[in-house]
Amino acid sequence: FYTMPQGHIPTGSSIPLELRKPLLELAKRYNFYIIEDDPLSDILGLSPLKAQDSDHRIIYIKSLSNILGPGLRIGFTVVPETLYNDIIELKEINDLSISGLLQRLLYEMIKSGDLKRHVLRLKAMIEGRSRYLSRQFGWSTNGPCVWIKTNAPSRIHLDRLMQLNVRITPGDIYGPKWSSHIRISVISPGQEDFYRGTEIIYNYLKCEPKPNLINLF
């Protein structure tokens, strides 16, 4: 069973605490493994599902790309001992090894404490930006992002906001049910861009334009 329990991408949602233990109990009862993909728990201040895994049912995968930068293709996994050799063999078949330079860079970041300090800065930044969005615009966030439902297709908003030098993610790239939503990242923008961009989006949506219809009859 694959899941992203903390800061799910793209929704930003997390599995409620009251559902976590029942999920682990189901895995034990029906003898299946849970693959936990966890890119954001540390900066969201949430404990991974793996922390409650007393029956060794979880294959834990931690990517660092969302925390340190998309170009840093490195991560780690914690697996049940019975699966260790099989997973090592599959990893070797897939790519043998990742960049030794990247591994050394990550080691130095961990050893020096830079990674821990960086995570704490990101965590404080997300908390501050979430409070700002709620206080200033009444927007509630799901941690790493905010979803806004609009009255027009998101592609129209994408084009018009691009003319205002603001880039958003149109919801329809995640499926038709999100076609009238726009998604704003709380993590990615720089400080100045975040505050200026959200102000522009808010003012734009206050007088949200309707599509320009063309009569072809």
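The coordinates are above.
Here the structure is a predicted model, which is why all the values come from computation and not from measurement.

Some details on the nonpolar core
Counting 17 residues, the largest nonpolar core has Leu133, Trp139, Ile148, Ile168, Ile184, Ile201 and Leu205 as the members making the most contacts within it. Among the secondary structure elements, those contributing two or more residues to this core are helix H6 (114-137), strand S5 (145-149), helix H7 (154-162), strand S7 (181-185) and helix H8 (191-206). No other element matches H8, which puts four residues into this core. Not counting the four nearest positions on each side in its chain, Ile184 is found in contact with Trp139, Pro144, Cys145, Val146, Ile148, Ile168 and Ile201. Counting 14 residues, the second-largest nonpolar core is a separate cluster that includes Leu40, Ile67, Leu72 and Leu122.

Some details on H7
Among the residues making up H7, those that are buried are Ser154, His157, Leu158, Arg160 and Leu161. Elements that come into contact with the buried residues of H7 comprise strand S6 (169-170), S7 and H8.

Quick look at the packing of aromatic side chains
Following the criterion strictly, the structure yields 10 aromatic pairs and no others. For the ring pair Tyr132 and Tyr195, a centre distance of 4.6 Å and an interplane angle of 85° mean the geometry is edge-to-face. A residue pair is termed long-range when its members are at least 10 positions apart, and Tyr132 in helix H6 and Tyr195 in helix H8 qualify at 63 residues. Classification of Tyr132 by relative accessible area gives buried; the value is 12%.

A closer look at the environment of Val78
Along the chain, Val78 turns up in strand S4 (residues 75-78). Residue Val78 is classed as partly exposed on the basis of its relative accessible area of 37%. Excluding residues within four positions of it along the chain, Val78 makes contact with Lys50, Ile58, Ile59 and Tyr60.

Let's talk about the sheet that holds S6
What the three strands build is an open sheet, ordered S5-S7-S6; its pairing is antiparallel. The sheet is open, and its two borders are formed by S5 and S6, each paired with just one other strand. In the sheet, S5 pairs with S7 via five bridges, with the strands oriented antiparallel. Bridging from a neighbouring strand, Val146 pairs with Ile184 of S7.

Section: the pattern of salt bridges
All chains considered together, the criterion is met by seven salt bridges. Between Lys28 and Asp55 there is a salt bridge whose closest N-O contact spans 3.8 Å. Taken as a pair, Lys28 in helix H1 (residues 17-29) and Asp55 in the loop between helix H2 (41-44) and strand S3 (58-63) lie far apart in primary sequence, 27 residues in all. Salt-bridge contacts for Lys62 lead to Asp42; the nearest nitrogen and oxygen are separated by 3.1 Å. Taken together, the positions of Lys62 in strand S3 and Asp42 in helix H2 put the pair 20 residues apart, joining distant regions of the chain. Look at Asp42 and you get partly exposed, because its relative accessible area is 28%.

Examining a nonpolar patch on the surface
Residues Tyr2, Ile35 and Ile61 make up a contiguous nonpolar surface patch of about 250 Å² in total accessible area. Tracing the chain through its elements places Ile61 in strand S3.

Reading guide: rules and limits
Residues numbered from 1 in each chain as written. Predicted model: local features only at pLDDT ≥ 70, side-chain atom pairs only at ≥ 80, totals over all residues. Heavy atoms only, no water. Core = buried A, V, L, I, M, F, W, Y, C linked by side-chain atoms within 4.5 Å. Buried < 20%, exposed > 50% of the residue type's maximum accessible area, 1.4 Å probe, protein only. Helix = DSSP H or I, 4+ residues; strand = E, 2+ residues; numbered from the N terminus. Contact = heavy atoms within 4.5 Å. Phe/Tyr/Trp six-rings, centres within 6.5 Å; stacked < 30°, edge-to-face > 60°. Pairing = 2+ DSSP bridges. Salt bridge = Lys/Arg side-chain N within 4 Å of Asp/Glu carboxyl O. Patch = residues over 30% accessible without salt bridge, like charges linked within 9 Å, V, L, I, M, F, W, Y side chains within 5 Å. Areas by Shrake-Rupley, 256 points an atom, 1.4 Å probe, with all protein chains shown as cover.

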